[in-house]
Amino acid sequence: ILFIIQFLHTALGLPVPPLDMFQNVLSSVAGDWNDLGIFSGLIALLSATCLLLAMPGKKTRVFLWTLLGVSLVFIYFINFSLVQYVLGFSILFVLLYRILRPSYVDEATPITSKKFLTPNVAFFVFVALVLFVAFGKLTSRLVYDLGIQFVQVYPSWTDTFLVIKETLTTNLLLGTGPNTFFHNMLVLKPDSILYSPLWEIQFRSGVGKVPSMLAEVGALGGVALLAFFSAILYAGRDVLNYKEHNLKRVLLVSSFVGTMYLWA
């Protein structure tokens, strides 16, 4: 439904009720243009994972292939390289998992990779992503000619860590509080930004959400973040050790790889 709404709005320029739903041609239900790219990558990952791990019927298979194809088309036109790289590594992880962890119909009957694996799904995605990266400049020119112009600027890793360092110098344990990176950047803006054409941009986060949170929540919050990610990985160990071939396995692996994809 989201893909259909976006196609009607961005490609055809048709009004989507309510009429004030979108601010401009690149607005979407998922957020900004890059957010739509991240969402499209998630749909592609979940579709490919289900095709690799499940044994769907013909209608479901057609539906999943359609979702995969449409999401890749959106990824191509959005041209957000980070999504392409993270999606490629995520599907490679699922493929290796499928090869190294064969599932079981029962305790004595393994479903071997040769018998069930459908690597053509992963191959299809890999070829598409390689072409997207190889022809990135051509894609940029094409989307520019189509009137799709979206630029999102972030501080560099160096500038982000300079702000974190200065913030933690005076607020080591608790930081400056949630959602205060914007204020920290205004007060502690590095010279590399201050004396550049980007000096007047109001950055609400650093190079990423997690690095920005380190300045906001301090050392104690950093420990809590580390514990949180450790808990995800610990739960993932049980997910990846699950061998029984049923819907539960597909949902477990899909939710785990989807979570890791989104955090990345």
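Structure: above.
A brief structural summary.

Cut-offs applied
- Residues numbered from 1 in each chain as written.
- Predicted model: local features only at pLDDT ≥ 70, side-chain atom pairs only at ≥ 80, totals over all residues.
- Heavy atoms only, no water.
- Helix = DSSP H or I, 4+ residues; strand = E, 2+ residues; numbered from the N terminus.
- Buried < 20%, exposed > 50% of the residue type's maximum accessible area, 1.4 Å probe, protein only.
- Contact = heavy atoms within 4.5 Å.
- Areas by Shrake-Rupley, 256 points an atom, 1.4 Å probe, with all protein chains shown as cover.
- 1 Å grid on protein atoms, 1.4 Å probe; cavity = no way out; pocket = protein on both sides within 12 Å on 5 of 7 lines; lining within 4 Å.
- Points joined across faces, edges and corners; volume = space filled by probe spheres on them.
- Nonpolar A, V, L, I, M, F, W, Y, C, P; charged D, E, K, R; others polar.
- Phe/Tyr/Trp six-rings, centres within 6.5 Å; stacked < 30°, edge-to-face > 60°.
- Lys NZ or Arg CZ within 6 Å of the ring centre and 35° of its normal.
- Expected span 1.5 Å × (residues − 1).
- Arc of directions from axis to C-beta.

## Observations regarding the overall build of the chain
The number of helices and strands found in the chain is twelve helices and two strands. Beginning at the N terminus, the succession of helices and strands in the chain can be written as α-α-α-α-β-β-α-α-α-α-α-α-α-α. Overall size of the chain, expressed as C-alpha extent along the three principal axes, is 65 × 45 × 40 Å. When burial is assessed residue by residue, the chain has 39% of its 264 residues classed as buried. For the chain, contacts bridging at least 24 residues in sequence account for 71% of all contacts bridging at least 6. As presented, the chain carries roughly 15,500 Å² of accessible surface, and 69% of it is formed by carbon and sulfur atoms.

## Description of the layout of surface pockets
Of the voids in this model, the largest pocket is the one considered here, and its volume is about 870 Å³. Considering the residues around the largest pocket, the lining is formed by 32 residues, among which Asn34, Ile38, Phe80, Leu82 and Tyr154 are closest to the centre. Mapped onto the lining of the largest pocket, the elements with two or more residues apiece are helix H2 (33-53), helix H4 (81-100), helix H7 (136-145), helix H11 (209-240) and helix H12 (247-263). When the residues that make up the lining of the largest pocket are grouped by side-chain class, the tally is 20 nonpolar, nine polar and three charged. In this model, the second largest pocket occupies a volume close to 300 Å³. Every residue lining the second largest pocket is counted, twelve residues in all, and those nearest its centre are Phe7, Thr10, Ala11, Phe77 and Ile148.

## Section: the packing of aromatic side chains
Each aromatic ring pair is summarised here by two numbers: the centre-to-centre distance and the angle between the ring planes. If you walk through the whole model with that rule in mind, you get nine aromatic pairs. On the numbers, 5.5 Å between centres and 65 degrees between planes, the contact of tryptophan 65 with phenylalanine 124 is edge-to-face. Of this pair, tryptophan 65 sits in helix H3 (residues 58-78) while phenylalanine 124 sits in helix H6 (residues 119-134), and the two are 59 residues apart along the sequence. Under the relative-accessibility criterion, phenylalanine 124 is labelled partly exposed at 37%. Each ring, one from phenylalanine 228 and one from tryptophan 263, has its centre 5.5 Å from the other, and the planes form 65 degrees; the classification is edge-to-face. On the criterion of sequence distance, the pair formed by phenylalanine 228 in helix H11 and tryptophan 263 in helix H12 is long-range, its members being 35 residues apart. Residue classification places phenylalanine 228 among the partly exposed residues on the basis of a relative accessible area of 37%. Clustering of aromatic rings is evident, with ring pairs tying together Phe3, Phe39 and Phe74. We note arginine 204 situated over the ring of phenylalanine 182; from NZ or CZ to the ring centre the distance is 4.4 Å.

## A word on helix H8 (residues 157-170)
Owing to its 3.6 residues per turn, the α-helix aligns residues three or four sequence positions apart on the same side. Taking 1.5 Å as the rise per residue, H8 with 14 residues should run 20 Å; its terminal C-alpha atoms sit 21 Å apart, in good agreement. Buried within H8 are the following residues: Asp159, Thr160, Val163, Ile164 and Thr167. Projected down its long axis, H8 shows its buried positions confined to an angular sector of 140 degrees, all on one face. Exposed side of H8, more than 90 degrees from the buried face: Trp157, Thr158, Lys165 and Thr169 are the residues found there. Packed against the buried residues of H8 are helix H9 (181-188), helix H10 (191-194) and H11.

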